[in-house]
Every structure is written in C-alpha cells, then in structure tokens.
Amino acid sequence: MAGASAPSRRSPNAGSGRTASGLAFALVSASAFGLSGSLARGLLESGWSAGAAAAVRMGVAAAVVALPTALAMRGRWSLVRRAAPTVLLYGLLAVAGAQLCYFYAVQTLQVGVALLIEYMAPVAVVVFLWVARGERPGRLTVAGAVVAMAGLALVLGLLSGVSLDGVGVLWALGATIGAATYFLLSADDRVGLPPVALAGGGLLVGSAALGLGGLVGVLPMTASTADATLGDVALPWWLLVGLLGVVTAALAYVTGIAAGRRLGSRVASFVALSEVLMAVLFAWLLLDELPTTAQLLGGLLVLAGVVLVKVGEPRHVEEHGATSPTVEPLPPT
C-alpha cells in the first residue's frame, strides 16, 4: 500500500474483499442515481425546468461534499492543482456534459430511446480500453456486453420500432461520451485524489457549468415553490431538492468513484446498468408505474451480462483497477 518499500502481493481474501466492497459501492451508487428520475419528475411537474432542477441538484451536492473534500485533502492542495485537468474534464463531461446532452436528446427522442443510447457507455468503455490501452476484451466480455444491452432494451420497453431524430441521436451520443468519461475517470486513481475530492471538484465544476448555461440562455431556468407530488403524496419542493442533491448526486458520485477504484472502469460501468433497474423499481414504488414481465426479464438479462463481464475481466484489471497509481495516494478517509 502507500509508503511500502517494496511491492506486496495481494492475498486472495484481500482481492475478494475489495471486489465485494466495490460491488456494494456500485449498487449504492446505481440505486442513488436511479432515484433521481422519480424525484425530478415531481419537481418538473410542479413547474421546475430541467435546467434549474439539474443546476440546483449539482449545486446542493457540491455544497454537501465541500467539507468532506477539504478534510480528505488535509491541506495537500498541491494534488488538486496537479489533478486540475482531470477534475475539469470530470466536471465538464461526466457531470455537466452528460446531463446537458441528455436534456437536449429527450426534446426530440423518446426518453427510453435516449436513455438506451446513453447507456451504450459501458460498450464505449470497452472499445476505448481496447483501442487506447490495448486491453482487448475477451469472448465473455463481448458476450456480456451483448446480453446486458439486450436486457436493457427490454427494461426500457423498446419492443416496437421507433423513428429516430438524427439531431436527437447526436445529443444522446454526447451523453454516452459523458457517461463513459465518468466511468473511466472514476476508475483512474493515478492522480492520487480520494473519491470524495474528485467528486467534490467535479460537482463544483459541473454546477458552475450548468449555472453558466442558464446565464447564457442554453438552459431555461425556471423554479417553483409549489408542493411536488409523488404518486398521491404531496411533498415540499425543498425536500425533493435536498434528496436530489444529497442522495442522487453527492452520495451517488462519491460511491460511484469508490466503486470504480475497486472494480475498474469496465466492470463498474456494467454494474451501473442496474441504475435502470432501480429507476424502474422507484417509479413503481413512488409513481405507481408497474414493471412489465418483459422488463423483469430484461433485468435478469442485465444481471447475467454483468456476471459475464466480471468473469471475463482481465486479471490485472480486476485486481488493480484501471491502472497502477503513479502518485502516492492519500490514506483512506
């Protein structure tokens, strides 16, 4: 670990424990992200614009993780300066860019179609690691990708032909790039920043970018103080804003980065497909939208795809994450 004079061989128990904790973090992150759709629905239907909801969500999250970020850095801000390009890229693409592109995509595409295109991100990660780093996927990884995406199509209910708008598809592909950037940068610990610091910096950059988008008129910024309704329950607007910021952003991003550091970007990105399953579950519980038999079958296929990807993961990626750190990491916080 950090400060060791010679490399040590990771024991099998340590490796399995790291994988187990990584999967736990990934599932918490996916669940938190999956809750955002149902909560945002309540705000949007009460008079909020998508841009305002996203900007406030990121702003609250940035404020929540500001103190933990400062404590995690313990005054070693030189690491932040050295990692500035990564933090900026994370905030602009993984946080702000993914949301902006998705909001534009759903203007001309069905929500399910736009989400399916965005969640081609795990496949984009596999292709990137193959082309840029020479990490050629094995047969099981390819099979897992195919099975998971087929299951995702069933979860989203895409059982009939749809007419796709070209501009909308391009925006959705932009969201794919943002999501793939999230998985890749979350798993890359070479900059030496703890997960909460990368999340905090990225959320700050992302919220500033969304705010700027509102100022220049790219995103409509409309808010309301009217109560929001989830199912038959009326809730105050500030409660939904708080949950969106604290749970679906701050908690989701921090645990997502922690998962990526333990699992590697490829496996973490496929486990994150469970976000769609969680979104369906929360929509059922909070909005009374019952999943169909086809969606349940799709969920099983997604899980099967994740298992195949995990089994086919290269040994060095599975044990050490995306890459070995070149900067001495901070102690665990």
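Above: the structure in question.
Note that the coordinates shown come from a computational prediction; the quantities given were computed from them, not determined experimentally. (Residues numbered from 1 in each chain as written. Predicted model: local features only at pLDDT ≥ 70, side-chain atom pairs only at ≥ 80, totals over all residues. Heavy atoms only, no water.)

Draft legend 1. Focus on the overall build of the chain. Check the secondary structure of the chain and you find 14 helices and two strands. With 333 residues in all, the chain has 49% of them scored as buried. Here the analysis covers contacts within the chain between residues at least 6 apart in sequence; of these, 90% occur between residues at least 24 apart. Looking at the chain as shown, the accessible area adds up to about 15,400 Å², and 68% of this sits on carbon and sulfur atoms. (Helix = DSSP H or I, 4+ residues; strand = E, 2+ residues; numbered from the N terminus. Buried < 20%, exposed > 50% of the residue type's maximum accessible area, 1.4 Å probe, protein only. Contact = heavy atoms within 4.5 Å. Areas by Shrake-Rupley, 256 points an atom, 1.4 Å probe, with all protein chains shown as cover.)

Draft legend 2. Region of the structure containing the packing of aromatic side chains. Evaluated as defined, the whole model comprises six aromatic pairs. Where tyrosine 90 meets tyrosine 182, the ring centres are 6.2 Å apart and the plane angle is 40 degrees; that geometry is what we call tilted. Residue tyrosine 90 is found in helix α4 (residues 84-105), and its partner tyrosine 182 is found in helix α8 (residues 166-187); the two are separated by 92 residues along the sequence. For the residue pair tyrosine 90 and tyrosine 182, the accessibility class agrees, reading buried in each case. Here the aromatic rings of tyrosine 182 and tyrosine 253 are separated by 5.7 Å at their centres, their planes lie at 85 degrees, and the arrangement is edge-to-face. Within this pair, whereas tyrosine 182 is found in helix α8, its partner tyrosine 253 is found in helix α10 (residues 237-263), the two being separated by 71 residues in sequence. (Phe/Tyr/Trp six-rings, centres within 6.5 Å; stacked < 30°, edge-to-face > 60°.)

Draft legend 3. Structural context of helix α9 (residues 195-215). Taking 1.5 Å as the rise per residue, α9 with 21 residues should run 30 Å; its terminal C-alpha atoms sit 30 Å apart, in good agreement. Glycine 217, located one to two residues past α9, shows a positive phi value of around 90 degrees. (Expected span 1.5 Å × (residues − 1).)

Draft legend 4. Here's a closer look at the nonpolar core. Counting residues in each nonpolar core, the largest one holds 75 residues, and the members touching the most others are Tyr90, Leu152, Leu203, Tyr253 and Phe270. The leading source of residues in this core is α4, at nine residues. One finds Leu39, Leu43, Ala52 and Leu230 within the second-largest nonpolar core, a separate group that totals 13 residues. (Core = buried A, V, L, I, M, F, W, Y, C linked by side-chain atoms within 4.5 Å.)

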